[in-house]
Amino acid sequence: QMVLSEKVNQLMEWASKRSVIRMNGDKFRRLVKAPPRNYSVIVMFTALQPHRQCVVCKQADEEYQILANSWRYSSAFTNKIFFAMVDFDEGSDVFQMLNMNSAPTFINFPAKGKPKRGDTYELQVRGFAAEQLARWVADRTDVHIRVIRPPNYAGPLMLGLLLAVIGGLVYLRGSNLDFLYNKTGWAFAALCFVLAMTSGQMWNHIRGPPYAHKNPHTGQVNYIHGSSQAQFVAETHIVLLFNGGVTLGMVLLHEAATSDMDVGKRKIMCIAGIGLVVLFFSWLLSVFRSKYHGYPYRYVRL
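- For the chain, the name recorded in an unreviewed UniProt entry is Dolichyl-diphosphooligosaccharide--protein glycosyltransferase subunit MAGT1, with Leptocoma aspasia as its organism.
- A UniProt comment under Sequence similarities (unreviewed entry) is attached to the chain, and it reads "Belongs to the OST3/OST6 family."

Below, the structure written as structure tokens:
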């Protein structure tokens, strides 16, 4: 067995070169599982090889790297905690030893004793955003990490582009600004904002959930989370589409009741509106039933 000082020196040397230490079965057993140990190790168990086709693993790895880099290059960096990774293709024996059958998975191996239930990160509930991982690390190790993300110029660039478009329209149509008073345009913009918010986009921004989940055994991809306490990014897109379909149906019904078109066209609009409302609202109820098990109501059986 390696003595404690040798372990710490070895980990510090590796951490100085790479924030996330890659481990195989031998390194994991010597430096993480075997005593003595006075440091915690956060280990991400993943499957990053292309033939594994684990999209979520790649997304989680990006956030994990951000968290590890934030710790490695902070002024508070010590040998109290290390970040490591075990890839299935490099340490399948570790997966078998821990009876793990899914990836990605984050586990904290504390400085003393074995991991407890809370030392396994609840990925499906909390998402894998670096900020969420940092809160979990603080809860388990008392090490507080201030997440520092690489600069992202997409937001300022889009804002500048929007201001340029608005400025161009004002310049070109300076003598005719009636388009600013167009009720239909403002109503459409407000409707898009409402649909985006009611579909859960803000929750995604805060929690950073995965886009979808792929079962490593069956290969089945789930786009709807089975719990009422969490959701996938794809799920919000689906709900947004269904809400949009219901809204379009209601608009058609309103137009059919108030427009000056002939009776035949108004009947067609009315039938189309009813069909859209029934179909998309039924799908919404189906999503609701899949998340709230035992919910008794449905529009039509789907």
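## Regarding the packing of aromatic side chains
Then, in step 1: On inspection of all chains with the given rule, the structure shows 14 aromatic pairs.
Then, in step 2: Ring plane angle 85° and centroid distance 5.6 Å describe the contact between Tyr39 and Phe82, whose orientation is recorded as edge-to-face. A residue pair is termed long-range when its members are at least 10 positions apart, and Tyr39 in the loop between helix 2 (25-33) and strand 2 (40-46) and Phe82 in strand 3 (residues 81-87) qualify at 43 residues. Of the two residues, Tyr39 and Phe82, neither departs from the other in class, the shared state being buried.

## A few points about the pattern of salt bridges
Then, in step 1: This structure, assessed with the given rule, holds 9 salt bridges.
Then, in step 2: With its nearest N and O atoms 3.0 Å apart, the salt bridge here joins Asp26 to Arg30. On the criterion of helical spacing, the pair formed by Asp26 and Arg30 is a turn pair, its members being 4 residues apart in helix 2.
Then, in step 3: We classify Asp26 as partly exposed; its relative accessible area is 42%.

## Overview of the packing of helix 1 (residues 4-17) against helix 2
Relative orientation and spacing of two packed helices are given, respectively, by the angle between their axes and the distance between those axes.
Then, in step 1: The geometry of helix 1 relative to helix 2 is characterised by a closest axis approach of 10 Å and an angle of 125° between their N-to-C directions. One way to sum up the angle between helix 1 and helix 2 is to call them oblique. Considering how the two elements wind past one another, helix 1 and helix 2 form a crossing that is left-handed. Residues Lys7, Leu11 and Trp14 of helix 1 lie in contact with helix 2, whose contacting residues are Lys27, Arg30 and Leu31.
Then, in step 2: For the contact of helix 1 with helix 2, the per-class residue count stands at 3 nonpolar, no polar and 3 charged.

## Quick look at the sheet that holds strand 1 (residues 20-22)
Then, in step 1: Taken in spatial order, the 4 strands make up an open sheet running 1-3-2-4, and their pairing is mixed. Each edge of the sheet is formed by a strand with only one pairing partner; in this case those strands are strand 1 and strand 4 (105-109). The mean inter-strand angle of the sheet, taken between neighbouring strand axes irrespective of direction, is 30°.
Then, in step 2: Here helix 1 sits on the sheet in contact with strand 1 and strand 3, set at roughly 75° to strand 3.
Then, in step 3: Contacts between helix 3 (residues 55-72) and the sheet are confined to strand 1, strand 2, strand 3 and strand 4, with strand 3 contributing the most and set at about 160° to the helix.

## Notes on the domain arrangement of the chain
Then, in step 1: Taken domain by domain, the chain holds domain 1 (4-141) and domain 2 (182-291).
Then, in step 2: For domain 1 versus domain 2, the separation of C-alpha centres amounts to 39 Å.
Then, in step 3: At the junction of the two partners, domain 1 supplies 13 residues and domain 2 supplies 16 residues.
Then, in step 4: By the criterion of area lost to domain 2, the three top residues of domain 1 are Asn101, Gln124 and Val125, representing 42% of everything that side buries.
Then, in step 5: Where domain 1 packs against domain 2, one counts 0 salt bridges.
Then, in step 6: At the boundary of domain 1 and domain 2, one finds 0 residue pairs in polar contact (both at pLDDT 80 or more).
Then, in step 7: Broken down by secondary-structure element, the contributors of at least two residues to the side of domain 1 that touches domain 2 are helix 3 and helix 5 (123-126).
Then, in step 8: Element by element, the count of residues in the side of domain 1 that touches domain 2 is highest for helix 5, at 3 residues.

Here is what the cut-offs are and how they apply
Residues numbered from 1 in each chain as written. Predicted model: local features only at pLDDT ≥ 70, side-chain atom pairs only at ≥ 80, totals over all residues. Heavy atoms only, no water. UniProt positions renumbered as here; feature names shortened; annotations may be inferred. Phe/Tyr/Trp six-rings, centres within 6.5 Å; stacked < 30°, edge-to-face > 60°. Helix = DSSP H or I, 4+ residues; strand = E, 2+ residues; numbered from the N terminus. Buried < 20%, exposed > 50% of the residue type's maximum accessible area, 1.4 Å probe, protein only. Salt bridge = Lys/Arg side-chain N within 4 Å of Asp/Glu carboxyl O. Axes fitted to C-alpha atoms, helices over the stretch in contact; angles between N-to-C directions. Parallel < 35°, antiparallel > 145°, perpendicular 65-115°, else oblique. Left-handed = near helix turned anticlockwise from the far one by under 90°. Contact = heavy atoms within 4.5 Å. Nonpolar A, V, L, I, M, F, W, Y, C, P; charged D, E, K, R; others polar. Pairing = 2+ DSSP bridges. Domains from an automatic or database assignment. Buried area = accessible area lost by both parts, 1.4 Å probe. Polar contact = N/O pair within 3.5 Å; in protein donor to acceptor, adjacent residues only side chain to side chain.

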